[in-house]
Amino acid sequence: EAGVAQSPRYKIIEKRQSVAFWCNPISGHATLYWYQQILGQGPKLLIQFQNNGVVDDSQLPKDRFSAERLKGVDSTLKIQPAKLEDSAVYLCASSSLGPYNEQFFGPGTRLTVL
Amino acid sequence: DQQVKQNSPSLSVQEGRISILNCDYTNSMFDYFLWYKKYPAEGPTFLISISSIKDKNEDGRFTVFLNKSAKHLSLHIVPSQPGDSAVYFCAASAAAGGGADGLTFGKGTHLIIQP
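All values derive from a computational prediction rather than experimental measurement.

**Q** What's the story with the sheet that holds strand β3 (residues 19-25) of chain B in this structure? I'm lost.
**A** Strands in a sheet are paired, the pairing made by backbone hydrogen bonds, and the direction either parallel or antiparallel. Residues and elements named next belong to chain B. Strand order in the open sheet formed by 5 strands is β1-β3-β8-β7-β6, and the pairing between neighbours is antiparallel. Two strands lie at the open edges of the sheet, namely β1 (4-5) and β6 (56-59), each paired on one side alone. Summarising the sheet, strand β7 (residues 62-67) and strand β8 (residues 72-77) pair through 6 bridges and their orientation is antiparallel. Note that in β8 the partner of threonine 63 across the bridge is histidine 76.

As structure tokens, then:
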């Protein structure tokens, strides 16, 4: 079974530029999550999708971050414009439906904002 | 306000001995707890979980204990092996709401297994 795929793996941009990350979840997983992991911290949930609908985006900085899940499969996360404090690893995870299912994580995209 | 706390940033254990990683939580709504293992430049990998109706779950060398009254859980690894050297994250969710829930993570504990 193929795992969660993410691209790019690394991205370096200057502040005020825009950037987008892509995620392809495990086939058949209805739920998709984006997390932000700042150095020295645990991952923090940004947004959760179930199929192509948003379940929870309460911690997403909506003035600069946006996300969509196309046709309930792939997802993109965008930052526009980026700030220095957005430097982090952005992790995508997916899980099957149900409250007690573990989440499977992709390798992450390491973003550096200069 | 940190709802999931891992108070030991690092832990060094001799190969073959027991590793005990601790985690505390504050949110009484949490009812499902997971441990993830993370190697550098990789995403977290699921290790073991426990729901709040249990106080122990075992999977091979890994056992998780949950003390609901103390809002404390621990991960025991016996015996510890060199490949266990990694960062371990404790995570929690309020899953009983009916749907899959986003996880709240601790800051992680870096486990180092000494030969």
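After presenting the structure, the write-up continues.
**Q** How should the interface of chain A and chain B be read in this particular structure?
**A** How big an interface is tends to be expressed through the accessible area that disappears when the partners come together. Opposite the 23 residues of chain A that make contact, chain B presents 23 residues. Here chain A meets chain B over a buried area of about 1700 Å², counting both sides, of which 57% is carbon and sulfur. Linking chain A with chain B are 0 salt bridges, by the criterion used here. Inspection of the chain A/chain B interface yields 4 residue pairs in polar contact (both at pLDDT 80 or more). For the side of chain A that touches chain B, the elements supplying multiple residues, two or more each, are β4 (31-37), β5 (44-50) and β9 (88-95) of chain A. Counting residues per element, the side of chain A that touches chain B draws most heavily on β4(A), at 4 residues. Here the residues of the side of chain A that touches chain B sort into 10 nonpolar, 11 polar and 2 charged.

**Q** Please explain the state of the cysteines as it appears in this structure.
**A** Counted according to the given criterion, the structure contains 2 disulfides over all chains. Here A:Cys23 connects covalently by a disulfide to A:Cys92, the sulfurs 1.9 Å from one another. Between A:Cys23 and A:Cys92, the S-S torsion sits near -70°, and that sign places the bridge as left-handed. Residue A:Cys23 is found in strand β3 (residues 19-24), and its partner A:Cys92 is found in strand β9; the two are separated by 69 residues along the sequence. For A:Cys92, a relative accessible area of 0% gives the class buried. Linked covalently through their sulfurs, B:Cys23 and B:Cys90 form a disulfide whose S-S length is 2.0 Å.

About the criteria used
Numbering of residues starts from 1 in every chain and runs along the sequence as written. As a convention, the first chain written is A and the first ligand written is 1, with the rest following in written order. pLDDT decides what is reported in this predicted model: residues at 70 or higher carry local features, side-chain atom pairs at 80 or more are listed and counted, and totals for whole chains, interfaces and linings draw on all residues regardless. Heavy atoms from the whole structure form the basis of all side-chain values; hydrogens and water molecules are not counted. A pair of strands is treated as paired once DSSP finds two or more bridges between them. Only DSSP runs of H or I reaching four residues or more are called helices, and only runs of E reaching two or more are called strands; each is numbered from the N terminus. Contacts were defined at the residue level, with two residues in contact if any of their heavy atoms lie within 4.5 Å. Accessible area that two parts lose when put together, with a 1.4 Å probe and added across both, is what the buried area reports. We define a salt bridge as a side-chain nitrogen of Lys or Arg found within 4 Å of a carboxyl oxygen belonging to Asp or Glu. Pairing of N or O atoms within 3.5 Å defines a polar contact, subject to two protein rules: one partner must be a possible hydrogen donor and the other a possible acceptor, and residues neighboring in sequence count only if both atoms are side-chain atoms. When residues are grouped by polarity, Ala, Val, Leu, Ile, Met, Phe, Trp, Tyr, Cys and Pro land in nonpolar, Asp, Glu, Lys and Arg in charged, and all others, Gly among them, in polar. Cysteine sulfur atoms are paired as a disulfide whenever they come within 2.5 Å of each other. When accessible area is computed with a 1.4 Å probe and restricted to protein chains, residues below 20% of their type maximum are described as buried, those above 50% as exposed, and intermediate ones as partly exposed.

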